[in-house]
Amino acid sequence: MTKTTASAPVLSPRALNRATLDRQLLLRRSGLSAKAAVGHLLGLQAQNVKPPYYALAARLDGFAPEQLSELMADREVVRIVTMRSTIHTHTAEDCLTLRPLVQPARDRELINFRKGLQGVDLDRLAVLARELVEAEPRTMKQLREALLAEWPDADPQALAIAARCKLPLVQVTPRGLWGRSGQVALTTAEHWLGRPAEPTPTPDATVLRYLAAFGPASVKDMQTWAGLTRLRDAFERLRPELRSFRDENGVELFDLPDASRPAEDTPAPPRFLPEFDNLLLSHADRTRVVPKEYWGRSWQGNQAYCTLLVDGFLAGIWKLTADALVVEPFDRLTKAQQEDVTAEGQRLLGTLHPGTPYDIRFGTVVGR
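Caption draft 1: Seen up close, the pattern of salt bridges. Taken as a whole and judged by the stated rule, the model has 28 salt bridges. Across the pair R106 and E109 runs a salt bridge whose closest N-O atoms are separated by 3.2 Å. Taken together, the residues span about one helical turn, with R106 and E109 both in helix α7 (residues 103-111) at a distance of three residues. Exposure class is identical for R106 and E109. Each is buried. Note that R164 is salt-bridged to E109, the shortest N-O span being 2.9 Å. Note that R164 is positioned in helix α10 (residues 156-166) and E109 in helix α7, a separation of 55 residues in sequence.

Caption draft 2: Molecular detail of the packing of aromatic side chains. Applying the stated rule across the entire model yields nine aromatic pairs. Summarising the aromatic geometry, the rings of F272 and W318 are spaced 5.6 Å apart at their centres and angled 85° between planes, so their arrangement reads as edge-to-face. In this pair, F272 sits in strand β8 (residues 271-273) while W318 sits in strand β12 (residues 313-320), placing the two residues 46 residues apart along the sequence. Taking the relative accessible area as the measure of exposure, W318 reaches 5% and is therefore buried. Measuring from centroid to centroid gives 5.6 Å for F276 and W299, while their planes differ by 70°, and the two rings are edge-to-face. Here W299 lies in strand β9 (residues 299-300) and F276 lies in the loop between β8 and β9, a separation of 23 residues in the sequence. Residue F276 is classed as buried on the basis of its relative accessible area of 18%.

Caption draft 3: Broad picture of the pairing of strand β7 (residues 252-255). Across the two faces of β7 the burial is the same, with E252 and F254 and L253 and D255 all buried. Summarising the sheet, strand β6 (residues 243-246) and β7 pair through four bridges and their orientation is antiparallel. Considered in β7, the bridge of R243 is made with D255. Connecting β6 to the next strand, β7, in antiparallel fashion are five residues, including G250 with a positive phi near 90°.

Caption draft 4: Molecular detail of the environment of A57. Take A57: it is sitting in helix α4 (residues 51-57). As for A57 and L27, which are separated by 30 residues in sequence, their C-alpha atoms are 13 Å apart. Leaving out residues up to four positions away in the same chain, A57 has contacts with R29, F63, L348, T351 and L352.

What counts and what doesn't
Throughout, a residue's number is its position along its own chain's written sequence, starting from 1. Local features are withheld for residues below a pLDDT of 70 in this predicted model, meaning they are given only at 70 or higher, and side-chain atom pairs are given and counted only at 80 or more; totals for whole chains, interfaces and linings count all residues. Side-chain numbers here rest on the full set of heavy atoms in the structure, without hydrogens or water. In the sections that follow, a salt bridge refers to a side-chain nitrogen of Lys or Arg positioned within 4 Å of a carboxyl oxygen of Asp or Glu. Numbering of helices and strands runs from the N terminus, with a helix taken as a DSSP run of H or I at least four residues long and a strand as a DSSP run of E at least two residues long. Partly exposed describes any residue whose relative accessible area lies between the buried limit of under 20% and the exposed limit of over 50%, with all areas from a 1.4 Å probe on protein chains only and scaled to the type maximum. When two rings of Phe, Tyr or Trp (its six-membered ring) have centres within 6.5 Å they constitute a pair, described as stacked for plane angles under 30 degrees, edge-to-face for angles over 60, and tilted for the intermediate range. Two strands qualify as a pair provided DSSP detects at least 2 bridges between them. By definition, residues are in contact when any of their heavy atoms lie within 4.5 Å.

This is the structure:
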C-alpha cells in the first residue's frame, strides 16, 4: 500500500454498494430515456434477447419495452460483441467507438483458436468476411461454410469466430426486438449504421465514463469490466482529476470528484435483474453487491439465473414460469421485505407483461 493509498478515506462495502447502485440507476428509478440510459451504462449485457429489457425496467421510470425495441429497429442501438467477448446492446455511437477500444481483447481471443486457423491469412479472411456480410447479412453457419470454401483445411468454427473477432459484426433485426423472433444474422456495424467507425476513444475518456456508471472502482475493476489489461497508466494520468479512496482491504479506488456517494444507510428498494446484469459482472471484487456467503449461488455450471436484490445486495434468484413469477430467496425474508419484493414484482410484470395474469410465489429458500 502506498502512502497516498494509506491516507485515502475508507469506503465500506455498504458505502460502495450505495454509490454503485446510484450510478447504475438502481437506488431510485431514473427519468432518463432508454437511449440515454444505455449510453450512460456503457451498454447492457445481452447474451439473450430479453435481459436488456429487464435491465431497463429495473432502472427507468415509465419504461416500456417498445422504447428499446423501436431504438433497435431504427438502428439507434445495436447488439454486438464488445466487453468480455460477450454480446452487449450499445448505442450506435458506442458501437462505433467502444468496439475499436476493446479490439486488443478480440485479438487475444484469436490465440485460443490458432490451431484451427493454421495457414489462414487473417487479413484476407477479414476482407472476405466483410464482402460476404455486407452483400447480405449472414448467419454464423453461412459464414463458416463460405469461409471454409477458401480454407478447406481450417476448423470451420474457428473461421467464423475469427471473422467476429476481426470485424465489428452486429446482429441485424428482427433479432433483439421485443415480442419478435429471428435467428442471428450478422453484418458490419459500418454497413448497418451507414457510417464509418469513429476514431478509437482514449482509455482516459472511457475511464471517466466507467467511473460515472460503476465507480468508485479500482484499476482491476475496470479491467474486469472491459476485458482489457494495462489500464493503470490511464488512471495515473487522470489522478489529478480524480478522488482517491480505498476499500476495507486497502485496495485503491478512484472516483469522479463530484460523483454521488450516498450514505450507506440510504434505503435501497428490491430490484429484479436479468441474468448476466452488468451490475454483477463489472468489478474484480464483487462483494459490493454479492455477499461472500452467496458467491456462486446465482450460477449453476454455465447457467446464470435472474437475480434479486434486497437492501441493495444479491438476495436470491427468480424465474418467470407459464403462470407465475417465482422468487427463490437465499435466506428468510421478513414480512416487510416480502411485501416490498411482491410490490416490485407486480411493477415488473405490469411493465413488461401487462394484461398477463401471473401469480407471484415465494419458492423454497435456495441452499437450505
